[in-house]
Amino acid sequence: MLFKNVIGQADVKAHLVNMVQQDRISHALLFLGKEGCGALPLAIAFAQYIVCEKVNRKTANAAAPAGPSLFGEEPAPSDSSHSPLTTHHLLDSCGECPSCQKMVQLMHPDIHFSYPVIPRKSGDKPLSSDYISEWREFIAKYPYGNSYDWLQFIGAENKQGNITAYECNEIIRKLSLKSFESGFKILVMWMPEYLGNEGNKLLKLIEEPPPDTLFILVAENESLILQTILSRTQLVKIPALTHQDISAALVEKAKMAQDPAMQIALIAEGNYREALQLMQHADEDWQSLLREWLNAILKNGPIAQVKWVEEVSKLGREKQKQFLRYFTHLLEQAIRLNAMGPANLHLPEKEKDFAARLNKIAAFLQQQAIIEELDKATYYIERNANPKMLFHALTIKLYHIIANKQAPAVI
Ligand SMILES: [Zn+2]
């Protein structure tokens with residue numbers, strides 16, 4: 001993967017290239033960014049950049065014969081022969097050298113991947129590499145996928161993924177080997193959140209790694225990472241994508257027309273995975289479904305509610321999540337509408353109108369309370385809650401939240 005294949009993130013790319021050019025890479029980096037921002041593709045592109053022979057050769061020339069390595073702890077700023085201008089100017093991997101070719105297939109022998117896996121059968125001691133062919137396929141198809149997508153991809157169903165103690169031993173073993181080709185050894189660990197306390201096995205390695213070894217941890221949620229590991233890494237923050245970047249990517253990569261692409265980008269809020277999901281369900285009429293629900297809650301009573309819950313229960317989890325997300329989006333727009341007025345809202349008329357109606361049935365605090373309930377519901381859907389019970393309970397909660405305000409009977 002080349003940097004240019006990664007959506008947006010120009011600042012992060014420049015920062016990473018700069019680190020290589022100035023020989024200021026720390027031994028352990030934490031790429032931290034929310035779902036759909038592209039932290040994993042960036043990490044892969046970065047690893048490729050480091051091993052690319054065109055980029056690399058120039059480094060070697062500049063550093064020869066006994067100059068500092070790429071991972072030099074203390075680059076000498078006074079060393080003018082080593083200034084960024086004289087080392088190399090390549091801002092991306094070449095995409096053509098043997099190293100790059102191997103990276104296209106994620107088959108470079110010096111670049112290792114760790115990610116959560118499940119036992120194939122009970123009693124198994126699973127390693128990430130047991131799933132390497134699935135991993136290659138997954139990255140090729142869904143580089144912006146999340147851990148839920150991945151675990152479904154390998155058929156985990158309800159099983160929890162893990163980065164196991166066996167995997168930690170395997171990492172220690174792999175990184176103690178000599179580099180095969182590039183002179184470097186790179187471990188990309190995706191989702192260190194799945195590393196339990198066994199992750200402490202890796203501390204010594206992260207703190208005092210063998211020469212020219214690099215850890216790249218790619219995470220979404222800082223608070224779920226072992227503190228001991230966190231404190232030993234250098235943070236590379238990956239921001240959410242801009243909606244311009246998302247909409248451009250939808251047009252270019254997914255061949256969407258400009259207008260619907262921008263509409264989706266605005267709802268996706270910086271998350272390209274979400275944007276792709278929304279695109280797949282672009283034909284869904286979430287607004288009618290939502291109107292039906294609110295009318296059942298506010299006006300039509302229990303029988304209509306039961307009928308609605310039956311209907312939504314059949315949708316399947318991914319669609320249910322999309323629907324809840326759409327509702328959240330409209331509530332957020334309603335809050336914005338109240339605060340900033342209609343002129344500053346970039347929404348299609350139909351949605352603007354709906355947002356205005358939401359402001360009539362619920363005040364700010366109620367809207368906040370509903371958003372919280374929708375968040376919780378999404379969380380439970382991801383964990384296989386029974387959809388009928390979940391949407392039934394949610395219907396009752398919404399009724400009580402909205403009943404706190406003098407509400408008109410119809411939306
Ligand atoms: Zn190359």
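Residues numbered from 1 in each chain as written. Predicted model: local features only at pLDDT ≥ 70, side-chain atom pairs only at ≥ 80, totals over all residues. Heavy atoms only, no water.

Moving on: the overall build of the chain. Looking only at helices and strands, the chain features 19 helices and five strands. C-alpha extents for the chain along the principal axes are approximately 80 × 55 × 35 Å. Looking at the chain as a whole, 50% of its 411 residues are labelled buried. Contacts in the chain between residues at least 24 apart in sequence constitute 78% of all its contacts with a sequence separation of at least 6. Split by element, the accessible area of the chain, about 19,600 Å² in all, is 53% carbon and sulfur. One way to put it: in the chain the 43 positive side-chain charges average out to a point 3 Å from where the 46 negative ones average out. (Helix = DSSP H or I, 4+ residues; strand = E, 2+ residues; numbered from the N terminus. Buried < 20%, exposed > 50% of the residue type's maximum accessible area, 1.4 Å probe, protein only. Contact = heavy atoms within 4.5 Å. Areas by Shrake-Rupley, 256 points an atom, 1.4 Å probe, with all protein chains shown as cover. Lys, Arg positive; Asp, Glu negative; His and termini not counted. Charge placed at Lys NZ, Arg CZ, Asp CG, Glu CD.)

Tetrahedral coordination by four donors places them ideally at 109.5 degrees to one another around the metal; octahedral coordination by six donors ideally gives 90 or 180 degrees. Each protein donor to the zinc ion is listed here as Cys52 (SG), Cys94 (SG), Cys97 (SG) and Cys100 (SG); together their distances run 2.3 Å. Its four donor atoms give the zinc ion angles of 105 to 119° at the centre, a pattern that matches the tetrahedral case. Each donor residue of the zinc ion belongs to the same chain, with the gaps between them written as C-x41-C-x2-C-x2-C. What makes Cys100 buried here is its relative accessible area of 0%. (Donors = N, O, S within 2.8 Å, 3.2 Å for Na, K, Ca; no water. Tetrahedral: all angles 85-135°; square planar, octahedral: opposite > 155°, others 65-115°.)

What follows concerns empty space enclosed by the protein. With the rule as written, the count across this model stands at three cavities of 30 Å³ or more. Roughly 130 Å³ of volume is contained in the largest cavity. As for the largest cavity, its lining consists of 17 residues, of which Ala39, Leu40, Gly145, Trp190 and Glu220 are closest to the centre. Secondary-structure elements contributing two or more residues to the lining of the largest cavity are helix H2 (39-51) and strand E4 (213-219). (1 Å grid on protein atoms, 1.4 Å probe; cavity = no way out; pocket = protein on both sides within 12 Å on 5 of 7 lines; lining within 4 Å. Points joined across faces, edges and corners; volume = space filled by probe spheres on them.)

When cut into domains, the chain gives domain 1 (3-237), domain 2 (243-279) and domain 3 (286-403). Contacts between the two partners involve twelve residues from domain 1 and, on the opposite side, eight residues from domain 2. Around 720 Å² of area is buried between domain 1 and domain 2 when both sides are counted, 51% of it from carbon and sulfur atoms. Its largest share of buried area at the contact with domain 2, domain 1 owes to Ile7, Glu35 and Tyr144, together 58% of the area lost on that side. (Domains from an automatic or database assignment. Buried area = accessible area lost by both parts, 1.4 Å probe.)

Glancing now at the pairing of strand E1 (residues 28-32). Counting buried residues in E1 gives five out of five residues, a clear majority hidden from the surface. Inspection of the sheet shows E1 paired to E4 by five bridges, in the parallel sense. Counted as the bridge partner of Leu32 is Ala219 from E4. Two elements, E1 and strand E5 (residues 234-237), share four bridges in a ladder whose sense is parallel. Within E5, the residue paired with Leu32 across the bridge is Lys237. (Pairing = 2+ DSSP bridges.)

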